[in-house]
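Spelled out, the chains give:
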Protein chains: 2
Amino acid sequence: MTAVGYMLGTPSIRHYRCHTPFVWCGGGENVTGADNQQERPVASEWVVGFVDGEGCFSVPIFRNDRCALGWQVQPEFAVVQGARSAQVLTDLQQFFGCGRLSINTRRDNHREDMHRYSVRRLEDLTTRVVPFFEVHPLHTAKSVEFSTFCDVLAMMRLGLHRTGAGLAQIAAMAETMNFRKRSRYLESSEAIRQPPHLDG
Amino acid sequence: MTAVGYMLGTPSIRHYRCHTPFVWCGGGENVTGADNQQERPVASEWVVGFVDGEGCFSVPIFRNDRCALGWQVQPEFAVVQGARSAQVLTDLQQFFGCGRLSINTRRDNHREDMHRYSVRRLEDLTTRVVPFFEVHPLHTAKSVEFSTFCDVLAMMRLGLHRTGAGLAQIAAMAETMNFRKRSRYLESSEAIRQPPHLDG
C-alpha cells in the first residue's frame, strides 16, 4: 500500500499513550549485535507476540525551530511495562541491539513506576527494527500501523519531511495511528496553508 | 511457592479490567485438538509473548446461592482485543482447543467493539492452559499471577473452595492479582467470620 493509500484513512488499533515524559535512565543506542541470534535473550516469535500486545509505532511531530520547517518528525518504536516487568525491556534492548530505557516515576493512573523501551534513531529503526518485523510479521491490526510507520520512514529517507507537502502528508498519516489526537502541527497555520496531501 | 506463601502478598503487575459484561457470541469449549501442534495457527512463543502483554489470569468470586457456601470461585484465563484484531483471539481458541469468544459492544472508553477470548472450564484450564504455560513460561511479572492462579486451581481440585477457610484463603490470594479491588466476598459477613488464612 502506498503512502497515499494510507491517506484514505485506516483507523488504528487502539489508543496508546506513548508520549508521557520519560527520563532517560541509561542504555546506549547500540548495546549488542542485533544480528547475532545466539546473543538474543528471547525468541523472535515471543518478541512478535509481545509487541503485538504492548508495542507502539508512532510518528509524533514536535515544534523544533532548528528544523527547516520548524517542525520535527520523530518516528518511534516503544514498549512500556510496569517496574516489576522491566527486565523484558532490557531483553528487548539486547534483542534489537539498539534503543534506550527510561523510567516514568509520575505514576499517574498506575500503581508502579512505568518503564519504557524506545528506539528513535532513524538508522536503528530502518536497519534493525523494521527489517525484523518485515521478516516476522505482526499478527494483530498493529501490522497496519507498522506499515504506515514504514511508509513514513521511506518518505523521510527521501527527505520529504523537509518539504511542506511532504510534512503535511506525514502528519495526515500519523493522524491515522494509535487513535491519536489531532497533532499541533495539523492545527498550526503552517499546515493550514499546505495542501492536505501529495497529488502527484 | 505454596499457597500460603502467596498470602504474604505479592503485588500483581497491573490493573486489567477483565470482568466487564461480555455477550457470548459462539465457539464451543472444545474446538480442536490442542495437542496437535500442526493444527495450531500461531507459534507457541508468539502465544507466550502475546499473553505476557495482553493475557489475564484472574480468580473472581461471585455470589451464587447454588454453591455450598453461597459463593462461586470462577478462575478465568482471558485475552481482550479490539475488533480489528479479533482474528488473533480465534487463533488462540484454536491453539488451546478450548474456550469461548464474546463481544462487548458497549465500548465505554474504547473506539471499537472489544472482543474477548476466555477459558473458564476447570478441566480446560488444568489440562490445556496451565500445562502450556508450565512448559513455555511467561517472561513478565504476569508469571507471578499465573503461579497464584495455579495454586488456586490446585486448592479447588482438593475441594478447598467449598470450605470456609479455603474460600477465605482463595479470596485473599485472588486479592493479590491484577491490582483488584477488594472482592465482595471479602467484604461480606461470611468472610469476616472466617480466619484470614489456613494456619496448618
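Bear in mind that the values here come from a model prediction, so they are computed numbers and not experimental data. (Residues numbered from 1 in each chain as written. Chains lettered and ligands numbered in written order. Predicted model: local features only at pLDDT ≥ 70, side-chain atom pairs only at ≥ 80, totals over all residues. Heavy atoms only, no water.)

Peer 1: Before we go on, may I ask you to explain the confidence of the model for chain A in this structure?
Peer 2: Keep in mind that low pLDDT regions are not for reading the predicted coordinates in detail. Residues and elements named next belong to chain A. This prediction gives chain A a mean pLDDT of 79; 68% of its residues lie at or above 70. With pLDDT under 50 throughout, residues 1-35 is counted as low confidence; its partners more than four residues away or in other chains account for 117 contacts. Segment residues 196-200 is flagged for pLDDT under 50; beyond a separation of four residues in sequence, or across chains, it makes eleven contacts in the model. The ipTM assigned to the predicted complex is 0.76, against a pTM of 0.77. (pLDDT = per-residue confidence, 0-100. Contact = heavy atoms within 4.5 Å.)

Peer 1: Any chance you could explain the packing of aromatic side chains here in plain terms?
Peer 2: For any pair of aromatic rings, the description consists of the separation of the ring centres together with the inter-plane angle of the planes. Residues and elements named next belong to chain A. Across all of its chains, the model carries 28 aromatic pairs over all chains by this definition. Here Phe77 and Phe133 contribute two aromatic rings whose centre-to-centre distance is 5.8 Å and whose plane-to-plane angle is 70°, an arrangement assigned as edge-to-face. Remark: Phe133 occurs in helix H4 (residues 122-135) and Phe77 occurs in strand S5 (residues 76-82); sequence separation between them is 56 residues. The rings of Phe57, Phe77, Phe95, Phe96, Tyr117, Phe132, Phe133, Phe146 and Phe149 are connected pair by pair, giving a single aromatic cluster. (Phe/Tyr/Trp six-rings, centres within 6.5 Å; stacked < 30°, edge-to-face > 60°. Helix = DSSP H or I, 4+ residues; strand = E, 2+ residues; numbered from the N terminus.)

Peer 1: Would you explain the side chain of A:Asn64 in this entry?
Peer 2: Structurally, A:Asn64 is set in the loop between strand S3 (61-63) and strand S4 (71-73). Setting aside chain neighbours within four positions, we find A:Asn64 in contact with A:Gly70, A:Trp71 and A:Gln72.

Peer 1: Even after reading the chapter, I still don't get helix H6 (residues 164-175) of chain B, so can you show me in this structure?
Peer 2: Since one α-helical turn is 3.6 residues long, residues separated by three or four positions face the same way. Taking 1.5 Å of rise per residue, the twelve residues of H6(B) would be expected to cover 16 Å, and the 17 Å separating its terminal C-alpha atoms lies within 8% of that figure. Buried within H6(B) we find B:Gly164, B:Gly166, B:Leu167, B:Ala168, B:Gln169, B:Ile170, B:Ala171, B:Ala172, B:Met173 and B:Ala174. (Expected span 1.5 Å × (residues − 1). Buried < 20%, exposed > 50% of the residue type's maximum accessible area, 1.4 Å probe, protein only.)

Peer 1: Teacher, can you tell me more about H4(A) here?
Peer 2: Residue and element names in this part refer to chain A. Taking 1.5 Å per residue as the helical rise, H4 with its 14 residues ought to reach 20 Å, and the 19 Å between its terminal C-alpha atoms agrees with that figure. Of all the bends in H4, the greatest, near 30°, is centred on Val129, and the proline Pro131 appears no more than four residues after it. Among all positions of H4, only Asp124, Leu125, Val129, Val130, Phe132 and Phe133 are buried. Where H4 is buried, its residues meet helix H2 (44-54), strand S2 (55-58), S5, helix H3 (87-96), strand S7 (114-119) and helix H5 (142-157). (Bend = angle between axes of the 7 residues up to and from the residue.)

Peer 1: Is there a simple way to explain the pairing of S7(A) in this structure?
Peer 2: The side chains of a regular strand alternate between the sheet's two faces. Residue and element names in this part refer to chain A. Within S7, six of the six residues are buried, leaving the element largely enclosed by the surrounding structure. Of the two faces of S7, the one lined by Met114, Arg116 and Ser118 and the one lined by His115, Tyr117 and Val119 are each fully buried. As paired elements, S5 and S7 share six bridges and run antiparallel to each other. For Ala78, the partnering residue across the bridge sits in S7 and is Ser118. With five bridges connecting them, strand S6 (residues 100-104) and S7 associate as antiparallel partners. (Pairing = 2+ DSSP bridges.)

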